[in-house]
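Reading the structure
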2 protein chains.
Amino acid sequence: MASSAASGEEPVPLLPALLLFRRLDADFAAALRQRFRVLDFFASGEPLPAFLAGAAALPDPPRAAVVMGGGAVRVDAALLDAVPSLGFVFSTGAGVDHIDLRECARRSVAVANSGTVYSADVADHAVGMLIDVLRRVSAAERFVRSGLWPAQGDYPLGTKLGGKRVGIIGLGNIGSLNSKRLEAFGCIIHYNSRRSRDSVPYKYFFNVHDLASESDVLVVACALNKDTRHIVNKDVLEALGKDGIIINIGRGANIDEAELVRALKEGRIAGAGLDVFENEPKVPAELFSMDNVVMTSHVAVFTSESRSDLRDTTIGNLEAFFSGKPLLTQVLPW
Amino acid sequence: MASSAASGEEPVPLLPALLLFRRLDADFAAALRQRFRVLDFFASGEPLPAFLAGAAALPDPPRAAVVMGGGAVRVDAALLDAVPSLGFVFSTGAGVDHIDLRECARRSVAVANSGTVYSADVADHAVGMLIDVLRRVSAAERFVRSGLWPAQGDYPLGTKLGGKRVGIIGLGNIGSLNSKRLEAFGCIIHYNSRRSRDSVPYKYFFNVHDLASESDVLVVACALNKDTRHIVNKDVLEALGKDGIIINIGRGANIDEAELVRALKEGRIAGAGLDVFENEPKVPAELFSMDNVVMTSHVAVFTSESRSDLRDTTIGNLEAFFSGKPLLTQVLPW
């Protein structure tokens, strides 16, 4: 981190300006400030319109913005109108559902995302949650921690992972890494994706309802867009059936959460492992008393290793943009 | 299950007798009683010596015994002396540390165990606990369930599984299945075993201390015997180091539990996933407040699928013994 500072202190005004719409850990923030003039929305304390107007009025207005996936600030026509100097938006998540890609494309604003830095971690977390639901790890954990083992004896049986038919919704990077891991446990992989892939030996289902009816487990690993909002709805849950388990490491809104809660309450599906929710950080309180549900707080991407990879990817893309080189993890060309 | 009953009711006295030292679920018990005259110790309510004396005095004394792995009743010289008609002992667990194999061999008492019926489930559970410890699944679960997410925001970062050096102690059936699963996550496998194996590409360590010092994670997957009691001791924990994680799906006494608790309390190792304990069902209370520890109640073998496989294996071995055929999952020949 000392490298560019060691090369001599450049006068601050020469650094390219960028808008930051995300809280960062100290290392990451320091690495950005070494290279860029960071206009930090959350640190500014200003309302968004005033912050954007102030940035746009600078003699050297910001040409790039760093936004958080699923964060509070959406990159839409209003934001792009307010700061017309913007030419590049970087999402620190893989999802870009908070960025209006059509508006960006229309204005030739380039977009990049975190690429694959999180993919292995998310795939790992999905496997961990599936084992947890099937084998009741968190539930047995509560049982042991509450001191009930000596009094109550054996904990109820779990269910074997091997031989399970796992239907993956979205066979992108995360879904593919998830399938490779699950194959090692003896699972049978099915998938739904925008199109069938010749490169994988798995059975393809054109629609999610059919996938659910031939799967024991559904793993939601797709991006959120208008086609995938509530892609798991009441009918799909019905098709999955009372022994079925659902794992969501996509976005909360990929599932109709109210229907999911109802299906769990009524025993119409067997269990769920959820890292994401429709109204984070709010989690439906009905889930808190269910032992067949495993919930984590949108942490599937959160490891110190992936955080460090994200820093490199963020800075790499910003430096590429400001020096006119190809973006590293481009979503929209510029 | 109806098959042998449908073949006509045989008179009860003709069924071969066996001693049962284990509580069974209703299906399993019914399947045994259909085929054998079951002398059930726990149902008898008698003290062990009286129960054994009664069984030995029968006109057709029991020739086989079914005992539980890690159960309350040990098959030792005293038990074998009390019922000299015994010619076969079946352990419903993979471990036979509760059976004095030397005494059995000396008396030509055959021994069989559950074979590999649990191996995949135990290997799966070990992976689940490792992901749980690294990625803080159970801890994040508690965080979400207690409603802290909205108030406290992001949960602390976990650690990536890929690239971790996993040292497996005991590369038997369970250890091998565990290693295959972990390879799919990008782990680097090392192992310690009684002897090096040419059939695997992993690095072999003759002693556990050296294995620990070159591993990020230790997985205890060995049997319990005099050589492996406290095979993970203070020195091994020291060698594993403060970033190290230990997973135990062997037997509680494979680890010096008091030293493990001390190392965890003092931050000399990073975390643990424990399905077994030295004095089950007692668990050291100090562990209850640790978020870097995942504890389950000896359930790594507990799935409905493995339970059904166990029933088949138990009956298959007993029928083989009583009809003079080779045992299916023999530990000691007869």
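Analysis parameters
- Residues numbered from 1 in each chain as written.
- Chains lettered and ligands numbered in written order.
- Predicted model: local features only at pLDDT ≥ 70, side-chain atom pairs only at ≥ 80, totals over all residues.
- Heavy atoms only, no water.
- UniProt positions renumbered as here; feature names shortened; annotations may be inferred.
- Helix = DSSP H or I, 4+ residues; strand = E, 2+ residues; numbered from the N terminus.
- Contact = heavy atoms within 4.5 Å.
- Buried area = accessible area lost by both parts, 1.4 Å probe.
- Salt bridge = Lys/Arg side-chain N within 4 Å of Asp/Glu carboxyl O.
- Polar contact = N/O pair within 3.5 Å; in protein donor to acceptor, adjacent residues only side chain to side chain.
- Domains from an automatic or database assignment.
- Axes fitted to C-alpha atoms, helices over the stretch in contact; angles between N-to-C directions.
- Parallel < 35°, antiparallel > 145°, perpendicular 65-115°, else oblique.
- Left-handed = near helix turned anticlockwise from the far one by under 90°.
- Buried < 20%, exposed > 50% of the residue type's maximum accessible area, 1.4 Å probe, protein only.
- Pairing = 2+ DSSP bridges.
- Right-handed = clockwise from strand over helix to strand, strands pointing away.
- Arc of directions from axis to C-beta.
- Least-squares fit on C-alpha atoms with pLDDT ≥ 70 in both.

A few words now on the UniProt feature "domain: D-isomer specific 2-hydroxyacid dehydrogenase NAD-binding" (unreviewed entry) in chain A. Sequence positions flagged by UniProt for "domain: D-isomer specific 2-hydroxyacid dehydrogenase NAD-binding" (unreviewed entry) are, in local numbering, residues 127-300 of chain A. Structurally, residues 127-300 of chain A comprises 32% helix and 16% strand, and the distance from its first C-alpha atom to its last is 11 Å.

Bring the parts together and some accessible area is lost; that lost area is often taken as the interface size. Counting residues at the interface gives 55 residues for chain B, matched by 55 residues for chain A. Contact between chain B and chain A buries roughly 4800 Å² in total, counting both sides, with carbon and sulfur atoms accounting for 61%. Three residues stand out in chain B for area buried against chain A, namely B:Arg135, B:Arg145 and B:Trp149, and they jointly supply 17% of the buried area on that side. Where chain B packs against chain A, one counts six salt bridges. For B:Lys160, the salt bridge is made with A:Asp121, and the minimal N-O distance between the two is 3.3 Å. Seen at the junction of chain B and chain A, the total is 26 residue pairs in polar contact (both at pLDDT 80 or more). When contributions to the side of chain B that touches chain A are tallied by element, the ones reaching two or more residues are helix H7 (119-135), helix H8 (137-145), helix H9 (149-152), helix H10 (173-183), strand S12 (293-295) and helix H14 (304-322) of chain B. Considering every element that reaches the side of chain B that touches chain A, the biggest residue donor is H7(B), with nine residues.

Next up on the list: the domain arrangement of chain A. Residue and element names in this part refer to chain A. Taken domain by domain, chain A consists of domain 1 (3-117 + 304-332) and domain 2 (119-295). Of note, the centres of domain 1 and domain 2, computed from C-alpha atoms alone, are 34 Å apart. Contacts between the two partners involve eight residues from domain 1 and, on the opposite side, five residues from domain 2. Taken together, the two surfaces of domain 1 and domain 2 that pack against each other cover about 500 Å², and 40% of this comes from carbon and sulfur. Contact with domain 2 buries surface across domain 1, with Asp97, Thr116 and Ser306 losing the most and accounting together for 65% of the total.

In this section: the packing of helix H7 (residues 119-135) of chain A against H7(B). Interhelical geometry of H7(A) versus H7(B) gives an angle of 125 degrees and a closest axis separation of 9 Å. Our classification of the angle between H7(A) and H7(B) gives oblique. The hand of the H7(A)/H7(B) crossing is left-handed. Along the contact surface, H7(A) presents A:Asp121, A:Asp124, A:His125, A:Val127, A:Gly128, A:Ile131, A:Asp132 and A:Arg135, while H7(B) presents B:Asp121, B:Asp124, B:His125, B:Val127, B:Gly128, B:Ile131, B:Asp132 and B:Arg135.

Attention now goes to the pairing of strand S1 (residues 17-21) of chain A. On a regular strand, each side chain points to the face opposite its neighbour's, so the side chains alternate between the two faces of the sheet. All names here are of chain A. In terms of residue burial, S1 counts as a mostly covered element, since five of its five residues are buried. Here S1 shows a buried face lined by Ala17, Leu19 and Phe21 and a second buried face lined by Leu18 and Leu20. Across four bridges, the pairing between S1 and strand S2 (residues 37-40) is parallel. Bridge pairing links Leu18 to Val38 in S2. At this point the chain moves from S1, through helix H2 (residues 26-35), to the parallel S2, and the crossover so formed is right-handed. Where S1 and strand S3 (residues 64-67) come together, four bridges link them in parallel fashion. Within S3, the residue paired with Leu19 across the bridge is Ala65.

All right, on to the packing of H7(A) against helix H10 (residues 173-183) of chain A then. All names here are of chain A. Orientation of H7 relative to H10, taken along the N-to-C sense of each, is 50 degrees, at an axis distance of 8 Å. Between H7 and H10, the angle falls in the class oblique. Along this stretch, H7 crosses H10, giving a crossing that reads as right-handed. Listed contacts from H10 to Ser119, Ala120, Val122, Ala123, Asp124, Ala126, Val127 and Leu130 of H7 are Asn173, Ile174, Leu177, Asn178, Arg181 and Leu182.

Residue and element names in this part refer to chain B. Those residues of H10 lying buried are Ile174, Gly175, Asn178, Ser179, Arg181 and Leu182. For H10, the buried positions fall inside an angular range of 165 degrees around the axis, keeping them on one side. Structurally, H10 contributes buried residues whose contacts are with H7, strand S6 (165-169), strand S7 (188-192) and strand S9 (217-220).

So, about the relation of the copies chain B and chain A. Mapping chain B onto chain A calls for a screw motion: a turn of 180 degrees about the axis and a shift of 0.0 Å along it, with 0.1 Å RMSD after fitting. As the rotation angle and translation indicate, the two copies are arranged about a two-fold axis. When the interface residues of chain B are mapped onto chain A, 100% of them again fall at the interface, so both copies present the same face.

Below, the discussion takes up the pattern of salt bridges. Pairing between side chains of opposite charge can happen when the charged atoms of each approach one another. Under the defined criterion, the tally for this structure stands at 42 salt bridges over all chains. The partner of B:Asp60 in a salt bridge is B:Arg37, with the nearest N and O atoms 2.7 Å apart. Placement of B:Asp60 in the loop between helix H4 (48-56) and strand S3 (64-67) and of B:Arg37 in strand S2 (residues 37-40) is noted, with a sequence separation of 23 residues between them. Of the residues examined, B:Asp60 reaches a relative accessible area of 34% and is grouped as partly exposed. Where B:Lys226 meets B:Asp227, a salt bridge forms, and the shortest distance between an N and an O atom there is 3.7 Å. The residues B:Lys226 and B:Asp227 share a single accessibility class, namely exposed. Here the salt bridges do not stand alone but share partners, grouping A:Asp81, A:Glu103, A:Arg106 and A:Arg107 into one network.

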